[in-house]
Amino acid sequence: MERINDFIASALPYTEWPMFLLLIGGGLFLVFYSKFLPYRFFGHAIAITAGKYDDKNAKGDVSSFQALSAAVAATVGLGNISGVAIAIHDGGPGVVFWIWATALIGMCIKFYSCSLAVMFRTTDADGKLQGGPMYYITQGLGPKARPLATFFAICGLFGFLGVFTANQFTETFMSVVEPEETLFAASEQNWKLGIGLALAVITSLVIFGGLTKIAKVASAIVPFMVLVYLIAVIVVMVLNSSQILPALKMIFTEAWNFKTVVTGGFWGLVIIGIRRAMFSNEAGLGSAPMYHGQSKTDSPVKEGLVAMLGPFIDTILVCTFTAVVIILSGAYLEDSSGIVMTLSAFETTLFGLGDDLLMVIVTAFALSTLFTYSYYGVKCLSFLTNAKIGKFYNWYFVIMIVFAAVASLELVKNLIDLSYALMVIPNMIAVLLLAPKVNKASAEYFKKLKDAKA
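In this text, all values refer to a predicted model and were calculated from it rather than measured experimentally. (Residues numbered from 1 in each chain as written. Predicted model: local features only at pLDDT ≥ 70, side-chain atom pairs only at ≥ 80, totals over all residues. Heavy atoms only, no water.)

Undergrad: Give a detailed account of the overall build of the protein, specifying residues and quantitative values.
TA: The helix and strand inventory of the protein stands at 23 helices and two strands. Computed over its C-alpha atoms, the radius of gyration of the protein comes to 21 Å, within 12% of the 22 Å expected for a compact globule of 454 residues. Over its C-alpha atoms, taken along the principal directions, the protein stretches across nearly 65 × 50 × 40 Å. Within the protein, the proportion of its 454 residues that are buried is 58%. Taking contacts inside the protein between residues at least 6 apart in sequence as the whole, the part at least 24 apart equals 84%. About 19000 Å² of surface is accessible on the protein, with carbon and sulfur atoms providing 67% of the total. (Helix = DSSP H or I, 4+ residues; strand = E, 2+ residues; numbered from the N terminus. Rg over C-alpha atoms; globule rule 2.2 N^0.38 Å. Buried < 20%, exposed > 50% of the residue type's maximum accessible area, 1.4 Å probe, protein only. Contact = heavy atoms within 4.5 Å. Areas by Shrake-Rupley, 256 points an atom, 1.4 Å probe, with all protein chains shown as cover.)

Pasting the structure below:
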């Protein structure tokens, strides 16, 4: 495992510039190219999500609200709870500012990419609608661009593994339950292996056994758990209200700390912020377009507007709350990373019960993520081969859960960072090349809207 980690860690720096240029440079280009459209029509996007403009005759499997809920449920999870903690551990409080900046740009990227997902969706052999980067690359840019789509799908085979989730759930269980003391004596490694096997079995029952009801229950629980998490965070903030402004001030002052001790200095700080923001809200990554591509809508622009709310909810709101709790509790000064830091912050601030509450929330998030993430991987393998072979991805997905439970956080984090950085490259190239088509569709959409009101 150390050898694998050393190899991945040595490859990561080579992806920093392409990721930065495409995600931040490309994203800023889209912000100006759209004339700030997603931000100007923020209220309209909320109205669409609320169902005000729904078309009952539109094609698709799910409503825009359901697609947004599913995408947010998939992204509001361990990325927000432990991803923020990892960012603060690696780069200090100032990194949160760069997470915000990336998320605001990410809203515009989501608008373009999810509009394209509906614009270039296609039907598979079973007659089901399919959307996502592989389809808008091949349909929008033509057969010559197929290598880009293939590269995206290959990277997705690694990026869409549930390794981070399995790893952080195991850390939470070990930290809160302390099974070697409370249940029965066994080595830490054996306990981690046991947890990994249990997670693998539960996930198998759903993704192989077709126990869609469990998956539905899990996805129904997630919005409730997000609410519980937000209430817990708000309680902490109310109890420590005098600490909120100093915590926010620290984020702003540390963001511009050019003498930072972070590896890579100020540039390293910015890169950590971009990586964690992308991990949190997946803007530019190409996973959300796979969900939104199945929305019940005939208007790509409407779907794009709904999708761009995702990074706002997920990163500007949820990540900020987590960051403030970690900073005001002083947990960021401890030498722990990931979920263990967040657990410590909650235990300190919520009368010693916060870590138990977080354990329940993390369990719901972890299971729902594991149930749904394999779907993305199956789509990637199906694109590379066919729908029959695509289903074999689930076996690989389940085996990797066990691997992740015993792996170090460093290895899992590096694997995901490398896969995500590589997935951004083909996806953002396609989004930037196809942006004029979205602008044309936007002009038509808003003209119709204006005429309807007139």
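Undergrad: Which residues make up the pattern of salt bridges, and what are the values?
TA: For the coordinates displayed, the defined rule picks out seven salt bridges. A salt bridge links E188 to K192, with the nearest nitrogen and oxygen atoms 3.3 Å apart. Linking E188 with K192, this pair stays in helix α12 (residues 188–207), spanning four residues, or about one helical turn. K192 sits in the buried class, given a relative accessible area of 10%. Of the charged contacts in the structure, one is a salt bridge between R276 and D417, with a shortest N-O distance of 2.9 Å. (Salt bridge = Lys/Arg side-chain N within 4 Å of Asp/Glu carboxyl O.)

Undergrad: So, helix α7 (residues 95–119): which residues are in play, and what are the values?
TA: With 25 residues, α7 should cover 36 Å at 1.5 Å per step; its first-to-last C-alpha distance of 35 Å lies within 8% of that length. Maximal helix bending in α7 amounts to about 25°, located at G106. A large share of α7 lies buried, amounting to 22 of its 25 residues. (Expected span 1.5 Å × (residues − 1). Bend = angle between axes of the 7 residues up to and from the residue.)

Undergrad: I'd like a description of the nonpolar core, backed by residues and values.
TA: Across soluble globular proteins, nonpolar side chains show a tendency to be buried alongside one another. In terms of nonpolar packing, the biggest core is built from 148 residues, with I88, Y136 and L305 touching the most fellow members. For this core, the element with the highest residue contribution is helix α23 (residues 409–453), accounting for 20 residues. If we ignore the near neighbours within four places in the chain, the residues touching I88 are P93, V95, V96, A323, I326, I327 and Y332. (Core = buried A, V, L, I, M, F, W, Y, C linked by side-chain atoms within 4.5 Å.)

Undergrad: Any details on the confidence of the model for the protein? Residues and values, ideally.
TA: When pLDDT is averaged along the protein, the result is 85, and 92% of the positions lie at 70 or above. Model confidence for the protein, summarised as mean pLDDT per element, is weakest for helix α5 (residues 64–75) at 65 and strongest for helix α9 (residues 146–159) at 94. (pLDDT = per-residue confidence, 0-100.)

Undergrad: Mind laying out the packing of aromatic side chains, listing which residues take part and the relevant values?
TA: Inspection of every chain in the model, using the stated rule, returns 26 aromatic pairs. Geometrically, the ring pair formed by W17 and W267 is stacked, given 4.6 Å between the ring centres and 20° between the ring planes. Remark: W267 occurs in helix α15 (residues 265–281) and W17 occurs in helix α2 (residues 13–33); sequence separation between them is 250 residues. Of the residues examined, W267 reaches a relative accessible area of 27% and is grouped as partly exposed. Ring centres of F41 and F446 lie 4.1 Å apart, and the angle between their planes is 25°; this geometry places the pair in the stacked category. (Phe/Tyr/Trp six-rings, centres within 6.5 Å; stacked < 30°, edge-to-face > 60°.)

Undergrad: Give me unusual backbone geometry: which residues, what numbers.
TA: Note: most residues except glycine have negative phi, and most peptide bonds are trans. With a phi close to 65°, F36 is a non-glycine residue in the positive phi region. Here F36 shows up in the loop between α2 and α3 (37–40). Positive phi is not limited to glycine here, since E178 has a value of about 45°. Its place among the elements puts E178 in the loop between α10 (163–177) and α11 (179–182).

Undergrad: Give me the side chain of S113: which residues, what numbers.
TA: Relative to the assigned elements, S113 resides in helix α7. Looking at S113, the relative accessible area reads 3%, which means it is buried.

Undergrad: Break down the packing of helix α8 (residues 133–141) against α23 for me, citing the residues and quoting the values.
TA: Where α8 contacts α23, the axes come no closer than 10 Å and their chain directions differ by 50°. One way to sum up the angle between α8 and α23 is to call them oblique. Crossing handedness for the pair α8 and α23: left-handed. Contacts between α8 and α23 involve P133, Y136, I137, G140 and L141 from the former and P426, N427, A430, V431, L433, L434 and K437 from the latter. (Axes fitted to C-alpha atoms, helices over the stretch in contact; angles between N-to-C directions. Parallel < 35°, antiparallel > 145°, perpendicular 65-115°, else oblique. Left-handed = near helix turned anticlockwise from the far one by under 90°.)

Undergrad: Describe the side chain of T342, naming the residues involved and giving the relevant values.
TA: Note on placement: T342 falls in helix α19 (residues 339–349). When neighbours within four sequence positions are excluded, T342 is seen to be in contact with I81, S82, A85, T322, I326 and L358.

Undergrad: Report on α9, specifying residues and quantitative values.
TA: When the terminal C-alpha atoms of α9 are compared, their 19 Å separation across 14 residues agrees well with the 20 Å that a helix rising 1.5 Å per residue should span. The set of residues buried in α9 consists of A149, F152, A153, C155, G156, L157 and G159.

Undergrad: Any chance you could break down the environment of I326 for me, citing the residues and the numbers?
TA: Along the chain, I326 turns up in helix α18 (residues 309–329). What makes I326 buried here is its relative accessible area of 0%. With 16 residues separating them in the primary sequence, I326 and T342 have C-alpha atoms 6.3 Å apart. With residues up to four places along the chain from it excluded, the contact list for I326 reads A85, I88, A331, Y332, M341, T342 and A345.

Undergrad: Can you break down the state of the cysteines residue by residue, with the values?
TA: Every disulfide links exactly two cysteines, by a covalent bond between their sulfur atoms. On inspection of all chains with the given rule, the structure shows zero disulfides. Left without a disulfide partner, C108 is nearest to the cysteine sulfur of C114, which lies 12 Å away. Looking at C108, the relative accessible area reads 0%, which means it is buried. For C155, which is in no disulfide, the shortest distance to another cysteine sulfur is to C380 and amounts to 9.2 Å. (Disulfide = S-S within 2.5 Å.)

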